[in-house]
Amino acid sequence: MSTLTVRPTSRPWKCASRFLSALLVLCAVLPYGAAAQETNDDLLLVAIRVDREMLSDSVSAYPLAGGLLLPLGELCRLLKFGITVDVEHQTAEGFFIDESRQFRLDVATQHVETNGTSPPIPPRKIVVLEDDIYVDAEVLATWFPFDARVDLFGAMVTIKPREKLPFQVERERALEIERTLRGLRTTGEAPPFVPNPYSLLAEPFVDHQLRIGYATDQSGPSMQYATLATGDLLGCEASFFITGNEQKPISELHGTLGRRDPNGQLLGFLHAREVAAGDVLLSANDLVTVTARGNGAVITNLPLQRAFAFDRQTLTGDLAPGWEVELYLNGGLIGFDRGKEGRYTFADVPVLYGLNVFRLVFHGPRGERRQKIETYNIGETLTPKGTIQYRAGSATPESQAKRALGELSYGVTRRLSIIASAVGLGETKELAAQQYATAGLRAAWGRVFTYADVGGSSTGGRIGRAGLQTRVSGVSVALTRAQLRNGYASEAYPSLIGLIKARTTMRLGGIAGARTRYPVPITVDVQRDDMVAGGTMIRAGNLVSASVRQMWISNRLEGVHVRDVDSPLAGNDYISGALLASRNIRGIVVRAEAGYDVAPRRRSTVTSVLVEWQRSRRFQVSAELSRNATNGISRLVTRLRRDRGRAGMTLAVDIPSRGAPSVHLELVTSLVPNPLTRRVQFRARPAAASGAVTARVFLDRNGNGIRDAGEPPIENAGFFVNRNSVIPTTNVRGIAMLDYLPAHTPTDVLLSTSTLEDPWWVPSRPAVRMVPRPGKALVVDFPVAVSGEITGTVYLDTGKGPRPAARIRMQVVNADGKVIAESPTEADGFYDLTKVPPGQYTLRVHPEDVATFHLAADAARPVTITVEKNVLDGIDVTLR
């Protein structure tokens, strides 16, 4: 074995090197330090204005001979530039306007790169201070597409953009969305809901994935495939998954058939909200089972977003190949999941009393990022008064016992519920086949939630449990005590090291420094099992999370302490932990995980670091470095991914520290049928786990809302989905396929009126709301009518002859009393009502104006707007 010896550096050479380094640093920063010292006494607070809009009224600035120094980082934040300033290293890097226009500044070397050019930097025009890098306003105008006019007397900097800046585009988009939604609202209503009916048979969405690998120590290539199909079948939502390889053509096969209805209108008098058969998820029973997935069936009328248990929650859903998901609970990073069999699962996540906010962040293979929020309020799990809620199901997991469950809950009062359940568990190595029956009470008073349960098994075992949950000074507290007799054992109370006599649990959770800049969520769990044969087993764990400089960090620690028990675990403390970190900035995603053991000996178990970089709009580069301390193998996996066109491709190189390197080629394509064109569209990214809308935009000449023969399509119309603009626009047939919509989530689709080429065109239905389903493209029509205009003059007759009436609001209302258009009169009494769709209406004075000014108007007069006659001039009104 060779030994590497590191010779210590001699002290003279070390001193010389330190002196030389200090000298170089001093020479580099001396000019800027001097300039900074000159400016420290001349601090100004100036206002930043873009055209006529005030962005900030108090930005730090320093006068300079012939100019003004402005903070680069703060200015980029106000203008929504993706540029980050690093004061410590005297650099700034990022992009502006769009990602293709890169920017980099290095003050130490006096070098700047902006949009592919390197303009010279005049001397003493950049100063590095403690809070930011300050740059002269004239220099900024040479770097970015705007001019800056400095008014030192008025403490004002006016920016004149030479092109639209990101914050202006964002503002215009927000205003258009708000105008559209405001036009829909009469009493705060949401966009009209469009039902998504089930079909007996429909063309499914299909994801195909083929992976071919070759290792240098293999005689030939390896092959693996996976197919996920989703869609409507027999009036239900169906999914089908199959995978295999060259050795086993079908290694796994499962499917699910079911329905979901948040309004509880399934199966007639049963009022079910979810019905499913096939591969299903059966949630835990508090005293008997844990959450498990397997072949079976479930039916329930419980709200879809209500927790089945009051101390833990399971989150699961579809996850396309190549996607990853991060789970955050109440601001803390819980973990990662890369999915299995087309879905993600976070099983039995501990929750706290009060509101629990789960944030699921999905990362796609091309750098896509979407977010899903689920909330569960523990303490509001009581059944409403006089209501019966139920759930029933069975499942046969691969590695767990077969189980069947039935549960009923009744709301006695607003604060009290009773619950009863029957559970059957099949035989396993640790547990004989048994049947269980349980009953319990749930009660809530103020901030205190209490519960009590009793149960028994067919072998004579008995259990009783009581507990409470509350919140004290911002800290959630949960306490539980369970007593077991006659050898009671179940999945929830296993007898791994012996029968349990009693179990005491405590859970505390809160946020340290909640009012500071960096709050730290902390959770502590302690569970003590007293054994029938004597001795104890204590399990403890804690989770500490933090967010620092756009990086999420979380550390989870778990330990087991066993004493006086006849078990190999006795006499040793087992403590292990996991450190998680995640950061996403400027298209670069970094995720790291480090597993470690503290006892019985300190060691690292698993370490991995993943870096993804969106090199361009077409390619993504990633590298993952991992090490498994158990087998001592380190592994470097690099990937080049392309997800454009009709198919996606990933080329991966896997280099282990021991063993043969391998190369993998992965091809992915998704088939998405368009119900209007009757053609199948190919996607480079998996789409079967998401929903879609096939939008059709046409000119509705007769105003009936239906596309009749001869009514032309409208091309190049754009859309907003959940307030975000999407790329697809309508083709020459007026059709756009809006796919990759989040499944089982209320989604708003808005027609972008700014993309309509004729200013007289007005959407009859500018926005709709629906709930997308996997594998279903819902057809939604957006009829566009030729709007009309009504003009005239309002006169006031006081007995001395009519005269023009100013500031009187004129309205056009439909047969339902909905205001279609409104406009106040000018000083000469003239009014102009525009964007009035074809139809029959009533022209009137605003009722509030009639009452306020004690007016007696002419009888409300009917008006009709048609496609042929859409401008009505000279509709005068006389008031008395």
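Residues numbered from 1 in each chain as written. Predicted model: local features only at pLDDT ≥ 70, side-chain atom pairs only at ≥ 80, totals over all residues. Heavy atoms only, no water.

### Considering the confidence of the model for the chain
Mean pLDDT over the chain stands at 82; residues scoring 70 or higher make up 85%. Low pLDDT, under 50, characterises residues 1-41; the predicted model gives this stretch 18 contacts beyond four residues in sequence or across chains. Per-residue pLDDT stays below 50 along residues 184-188; that stretch engages in eight contacts with residues further than four places along the chain or on separate chains. (pLDDT = per-residue confidence, 0-100. Contact = heavy atoms within 4.5 Å.)

### Re the nonpolar core
Nonpolar side chains in soluble globular proteins tend to end up buried together. Core analysis: the biggest nonpolar cluster contains 35 residues, and F103, L105, W143 and F144 have the highest contact counts within it. Here the element with the most residues in this core is helix α2 (residues 72-79); it accounts for five residues. When residues no more than four places from it in sequence are discounted, the contact partners of F103 are L72, I83, A92, E93, G94, F95, F96, V112, E113, T114, W143 and F144. One finds V697, L699, L738 and L741 within the second-largest nonpolar core, a separate group that totals 23 residues. (Core = buried A, V, L, I, M, F, W, Y, C linked by side-chain atoms within 4.5 Å. Buried < 20%, exposed > 50% of the residue type's maximum accessible area, 1.4 Å probe, protein only. Helix = DSSP H or I, 4+ residues; strand = E, 2+ residues; numbered from the N terminus.)

### A look at the sheet that holds strand β48 (residues 761-763)
What the four strands build is an open sheet, ordered β46-β43-β50-β48; its pairing is mixed. Either end of the sheet is taken by a strand with one partner, and the two such strands are β46 (735-741) and β48. Neighbouring strand axes in the sheet, compared pairwise and without regard to direction, differ in orientation by 25° on average. Bridge analysis of strand β43 (residues 691-699) against β46 gives five bridges, and the strand direction is antiparallel. Across the sheet, residue G691 finds its bridge partner in β46, namely L741. (Pairing = 2+ DSSP bridges. Axes fitted to C-alpha atoms, helices over the stretch in contact; angles between N-to-C directions.)

### Regarding the sheet that holds strand β54 (residues 819-824)
Adjacent strands of a sheet form backbone hydrogen bonds with each other and so pair up, either parallel or antiparallel. The antiparallel open sheet is built from four strands, whose spatial order is β54-β53-β56-β57. Sheet topology places β54 and β57 (861-865) at the edges, where each strand pairs with a single neighbour. Here the average twist between neighbouring strands, direction ignored, is 25°. Of the pairings in the sheet, the one linking strand β53 (residues 809-813) to β54 comprises five bridges and is antiparallel in character. Bridging from a neighbouring strand, V812 pairs with A821 of β54.

### Quick notes on the packing of aromatic side chains
Aromatic ring pairs are described here by two measures, namely the spacing of the ring centres and the angle between the planes. Enumeration over the complete set of coordinates arrives at eleven aromatic pairs. With a centroid separation of 5.1 Å and 80° between ring planes, the pair formed by F96 and F144 is classed as edge-to-face. You can see F96 sitting in strand β5 (residues 91-96) and its partner F144 sitting in the loop between α3 (137-143) and β10 (146-151), a full 48 residues away along the chain. Judged by relative accessible area, which is 1%, F96 ranks as buried. Taken together, the aromatic side chains of F81, F96, F103, W143, F144 and F146 make up a single cluster linked through ring pairs. (Phe/Tyr/Trp six-rings, centres within 6.5 Å; stacked < 30°, edge-to-face > 60°.)

### Quick look at the pattern of salt bridges
Side chains that differ in sign of charge can pair as their charged atoms come close. Tallying each qualifying case throughout the model produces 29 salt bridges. For D748, the salt bridge goes to R769, with nearest N and O atoms at 2.6 Å. Of this pair, D748 sits in strand β47 (residues 747-751) while R769 sits in strand β49 (residues 767-770); the two residues are 21 residues apart in sequence, bridging distant segments of the chain. A relative accessible area of 14% means that D748 is categorised as buried. You can call R769 partly exposed: its relative accessible area is 27%. Between R809 and E848 there is a salt bridge whose closest N-O contact spans 3.3 Å. With R809 in strand β53 and E848 in helix α5 (residues 847-852), this residue pair connects regions lying 39 residues apart in the sequence. Of the residues examined, E848 reaches a relative accessible area of 47% and is grouped as partly exposed. (Salt bridge = Lys/Arg side-chain N within 4 Å of Asp/Glu carboxyl O.)

### Some thoughts on the pairing of strand β50 (residues 777-786)
A regular strand carries its side chains on alternate faces of the sheet. Counting buried positions along β50 gives nine out of ten residues, so the element sits mostly inside the fold. Of the strand pairs in this sheet, β43 and β50 are connected by eight bridges, and their pairing is parallel. Residue pairing in the sheet places T694 in a bridge with V779 of β50. Across three bridges, the pairing between β48 and β50 is antiparallel. Looking across to β50, one finds that P763 is bridged to V784.

### Focus: the side chain of D597
As for its placement among the helices and strands, D597 is situated in strand β36 (residues 588-599). Setting aside chain neighbours within four positions, we find D597 in contact with I575, S576, R602, R603 and T605.

### A look at α2
For α2, the buried fraction is high: six of the eight residues fall into the buried class. Among the residues making up α2, those that are buried are L72, G73, L75, C76, L78 and L79. Once α2 ends, the next one or two residues include K80, with phi positive near 65°.

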